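# Inside the fold
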Amino acid sequence: MLLSSRPRLVLATAATAAAAALTLTSCTSREETPAAPSNGGGPAASAQSAAPSADGCTLTKTGYPKVDLKTAVVGFSQSEKEANPFRIAETQSIRDEAAKLGIASDKLLVTNAQSDLNRQISDIKSLLDRGAQLLVVAPLNSDGLQPALDAAKAKKVPVVTIDRKVTSQPCSDYLTFIGSNFVEQGKRAAQAMAKATGGTGKVVILLGSSGNNVTTDRTQGFKDELAKTPGLSVVAEQTGEFDRSKGQSVMEQLVQSHPDITAVYAENDEMGVGAVNALKTAGKSPGKDVKIVSIDGTRNAVQLIVDGSYNAVIESNPRFGPLAFQTLQKFENGEPIPASIVITDDQYDETNAAQKVGNSYK
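Residues numbered from 1 in each chain as written. Predicted model: local features only at pLDDT ≥ 70, side-chain atom pairs only at ≥ 80, totals over all residues. Heavy atoms only, no water.

- By the naming in an unreviewed UniProt entry, the chain is LacI family transcriptional regulator, taken from Amycolatopsis vastitatis.
- Its UniProt record, at the heading Subcellular location (unreviewed entry), says of the chain: "Cell envelope". (UniProt positions renumbered as here; feature names shortened; annotations may be inferred.)

Structure representation (C-alpha cells):
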C-alpha cells in the first residue's frame, strides 16, 4: 500500500502517544471519507530505538509559529480509495487516535484523493484554505506533490508524511517521513521466499505502482537479497498497481506465459490474494505448487497462511495515528525531529500465523 531510509528517533507506542497530553481536535470535511469499522487489534506503528538527533528539525529552525495542539486544526490527506485494507486501516488509525485523545469533531479535516495526484494537490491546498495548522499526508507518489508542499510552507504549516516518502527536502518542504524501511521489507521477503522454496525455483514479481519509493525499494531489496540464493531466479515481473483485481489479471497472463513458475513475490497483499485466485483458476495449488510471499499484513493474506494457501507475509504496519500525533507534539514542544522515523514491522508465516492473525488488519 510504504519502502526508503532507516533513520533515527522517537520510540512511540500507543501507550506513550496516549500519555502525551494531546487534547487535539478532529474535524470532518465535505470530502471526508466515512468512518470505517475497527481494523483489527494489532499494535500501533512504533519507531525503532535510536538516539535523539541533535541536528533534527525544530520549531526554531523552521521559524514556524508555535501551535497549541489542544485547539489546532489538523488536516489528513489520504491518497488512495479505501478499497485497499492498508488505506482503510491507515485512515482509521488517524481517526481512532483523534478519538482516543478526546478530539472534537470539528478539528480533524480528512480528504481522500481517490488515487488522483492532481486531486491530492487540490485536497491539501483546500485543507490549508480551511484553516489546517498541521498536516499529515499519505502521498500518492514520491514525486509531484511539490505545489501542495509549497503551499503549506508558505503558510508555515508543518507536514508529516506517512507510508511513502517524497523526494522533496525534509525540514524545508516537509517536516519528516514516518514509515517502514521498504528495502529491508524486500530483503525479508526474499529470505522468506528462500525458506519457503527450499532455495530453488522460478519466481515472478508482481510489482507495485510506479512513481513511488515503496515499489522501487521493495523491488531492490528483494532482488539484492535473492541474488544470495542462486537456485532462485526471477523469470518475469509486471506491475499489478497494488490492486487485487489487477494482480489477478496479471497473474493469469503470467501463469500462461510461464507455466513452470514455482513462486510469486507480490509487493502488497492485495496483489498476492489476486494471484491466489488466478493460480487456483489455472489449476495450481497456491502455497504448495506455487509458493507466495507478499508484504502488508492484511487479514485476508494472513488467514490464507493459516489455511495453507500462502507462505509468508512481511508486515507493513499502517497504524500511524499515535506516532504521527506524537511527532507533531514533539515538534511543537521544540524537540528535534529527524528527517525520517522508521517503524518496526512484524512477520507472519506458518509458524505463527494462527497465533498472530488477530494482529492483522482488514
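Text resumes after the structure shown.
### A look at the packing of helix α6 (residues 182-197) against helix α7 (residues 213-226)
- Between α6 and α7, whose axes approach to 6 Å, the crossing angle comes to 40°. By the angle class used here, α6 and α7 are oblique. Crossing of α6 over α7 shows right-handed handedness. Contact residues: α6 offers Phe182, Val183, Gln185, Gly186, Lys187, Ala189, Ala190, Gln191 and Met193, while α7 offers Asn213, Val214, Asp217, Arg218, Gln220, Gly221, Phe222, Glu225 and Leu226.
- Within the contact of α6 with α7, the residues separate by chemical class into 8 nonpolar, 6 polar and 4 charged. (Axes fitted to C-alpha atoms, helices over the stretch in contact; angles between N-to-C directions. Helix = DSSP H or I, 4+ residues; strand = E, 2+ residues; numbered from the N terminus. Parallel < 35°, antiparallel > 145°, perpendicular 65-115°, else oblique. Left-handed = near helix turned anticlockwise from the far one by under 90°. Contact = heavy atoms within 4.5 Å. Nonpolar A, V, L, I, M, F, W, Y, C, P; charged D, E, K, R; others polar.)

### Concerning the packing of aromatic side chains
- Here the structure, examined in full by the defined rule, presents 3 aromatic pairs.
- Centre to centre, the rings of Phe222 and Tyr265 are 3.9 Å apart; their planes meet at 10°, and the pair counts as stacked. Linking Phe222 in helix α7 with Tyr265 in strand β8 (residues 263-266), this pair joins segments that are 43 residues apart in sequence. When sorted by exposure, Phe222 lands in the same class as Tyr265, which is buried. (Phe/Tyr/Trp six-rings, centres within 6.5 Å; stacked < 30°, edge-to-face > 60°. Buried < 20%, exposed > 50% of the residue type's maximum accessible area, 1.4 Å probe, protein only.)

### A look at the packing of helix α4 (residues 117-129) against helix α5 (residues 146-154)
- Where α4 contacts α5, the axes come no closer than 8 Å and their chain directions differ by 10°. Between α4 and α5, the interaxial angle falls into the category roughly parallel. Where α4 approaches α5, its residues Ile121, Ile124, Lys125 and Leu128 are matched on the opposing element by Pro147, Ala148, Ala151 and Ala152.
- Classifying every residue of the contact of α4 with α5 by side-chain character gives 7 nonpolar, no polar and 1 charged.

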